[in-house]
Amino acid sequence: MNITRRDLWRSAALIPFGAVRGSAANGAVTVGLIGSGNRGPYVAGHMARHTPARIVALCDLFPEKMNRAKATIGVENPKLYTDLHQLLASDVDAVIIATPDHWHALATIWGCQAGKDVYVEKPVSHSPWEGRKMVEAARNYQRIVQ
């Protein structure tokens, strides 16, 4: 059986959000995007088109970036946040972390603590210690992290 990189990526992208039970009435996973720069809207749009996930919230320090992300993703009336703690306190099932690199580890840990499953962009962390703390958080809070 020959598997292309694209097939592998596509199947890997479906695993965490397909394994999660959504809280929505139709079973769809509700997702919040943290970081609305270039990569975040791309990943969120792909996820929205190819999984049962629904992007329902956006978070960024810059409202104009969130407005561009809404158009790129094609999501209507998402909740908008400028503080990631407020998004993590909301009722989303999972989060996509596409912030600047130095926030990846901490945002992942906070996401796990808030009871959210997490998709985090690379680099996952800047040190082995940060990576270990992320793994500890995922295990301690029984969260799926990709």
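Details of the structure are given in the entry above.
About the criteria used
- Residues numbered from 1 in each chain as written.
- Predicted model: local features only at pLDDT ≥ 70, side-chain atom pairs only at ≥ 80, totals over all residues.
- Heavy atoms only, no water.
- Helix = DSSP H or I, 4+ residues; strand = E, 2+ residues; numbered from the N terminus.
- Buried < 20%, exposed > 50% of the residue type's maximum accessible area, 1.4 Å probe, protein only.
- Contact = heavy atoms within 4.5 Å.
- Phe/Tyr/Trp six-rings, centres within 6.5 Å; stacked < 30°, edge-to-face > 60°.
- Pairing = 2+ DSSP bridges.
- Axes fitted to C-alpha atoms, helices over the stretch in contact; angles between N-to-C directions.
- Parallel < 35°, antiparallel > 145°, perpendicular 65-115°, else oblique.
- Left-handed = near helix turned anticlockwise from the far one by under 90°.
- Core = buried A, V, L, I, M, F, W, Y, C linked by side-chain atoms within 4.5 Å.
- Salt bridge = Lys/Arg side-chain N within 4 Å of Asp/Glu carboxyl O.

*Asks:* Mind showing me how you'd approach the overall build of the chain here?
*Replies:* Along the backbone of the chain there are 6 helices and 5 strands. Secondary structure of the chain in N-to-C order comes out as α-β-α-β-α-β-α-β-α-β-α. Within the span of the chain, comprising 146 residues, buried residues form 43% of the whole. Look at the contacts in the chain between residues 6 or more apart in sequence, and 59% of them connect residues 24 or more apart.

*Asks:* In this structure, what is going on with the packing of aromatic side chains? I would like to understand it.
*Replies:* To describe a pair of aromatic rings, you give the distance between the ring centres and the angle between the ring planes. Applying the stated criterion across every chain yields a total of 1 aromatic pair. Arranged with centres 6.2 Å apart and planes meeting at 45°, the rings of Trp103 and Trp110 form a pair that is tilted. Looking at Trp103, the relative accessible area reads 35%, which means it is partly exposed.

*Asks:* Please clarify how the sheet that holds strand β3 (residues 79-81) should be interpreted in this entry.
*Replies:* On the basis of which strands lie adjacent, the open sheet formed by 5 strands has the order β3-β2-β1-β4-β5 and parallel pairing. Single-partner strands in this sheet number two, and they are β3 and β5 (117-120). In this sheet, neighbouring strand axes are inclined to one another by 25° on average, regardless of whether the strands run parallel or antiparallel. Looking at chain direction, strand β4 (residues 94-97) and β5 are connected through 4 bridges and run parallel. What sits directly across from Ile96, in β5, is Tyr119. Sheet strands in contact with helix α2 (residues 39-50) are β1 (30-34), β2 (54-59), β4 and β5, and its direction is about 170° off that of β1.

*Asks:* How should the packing of α2 against helix α3 (residues 63-73) be read in this particular structure?
*Replies:* At a minimum axis separation of 9 Å, α2 and α3 run at an interaxial angle of 30°. The angle between the axes of α2 and α3 places the two elements in the roughly parallel class. Crossing handedness for the pair α2 and α3: right-handed. Contacts between α2 and α3 pair Pro41, Ala44 and Gly45 from the former with Ala69, Thr72 and Ile73 from the latter.

*Asks:* What should I look at first to understand the nonpolar core in this one?
*Replies:* For soluble globular proteins, the rule of thumb is that nonpolar side chains tend to be buried together. Grouped together as the largest cluster of nonpolar side chains are 19 residues, with contacts concentrated most on Ile34, Cys59, Leu87, Val95, Ile97 and Val118. Mapped by element, the contributors of at least two residues to this core are β2, α4 (84-88), β4, α5 (104-113), β5 and α6 (128-140). Per-element tally for this core: the top contributor is α5, with 4 residues. Setting aside chain neighbours within four positions, we find Cys59 in contact with Leu33, Ile34, Gly35, Ser36, Met66, Tyr81, Thr82, Asp83, Leu84 and Leu87. In terms of nonpolar packing, the next biggest core, distinct from the first, is built from 17 residues, Val31, Ala53, Met66 and Ile96 among them.

*Asks:* Looking at this structure, how should I read the pattern of salt bridges?
*Replies:* Side-chain pairs of opposite charge can arise whenever the charged atoms involved come near each other. Scanning all chains against the criterion turns up 4 salt bridges. Note that Asp91 and Lys79 form a salt bridge whose closest N and O atoms lie 3.9 Å from each other. On the criterion of sequence distance, the pair formed by Asp91 in the loop between α4 and β4 and Lys79 in strand β3 is long-range, its members being 12 residues apart. Accessibility expressed as a relative area gives 45% for Lys79, which makes it partly exposed. A salt bridge links Arg143 to Asp117, with the shortest nitrogen-to-oxygen separation between them at 3.5 Å. Separated by 26 residues along the polypeptide, Arg143 in the segment after α6 and Asp117 in strand β5 bring together distant segments of the chain. Arg143 sits in the partly exposed class, given a relative accessible area of 26%.

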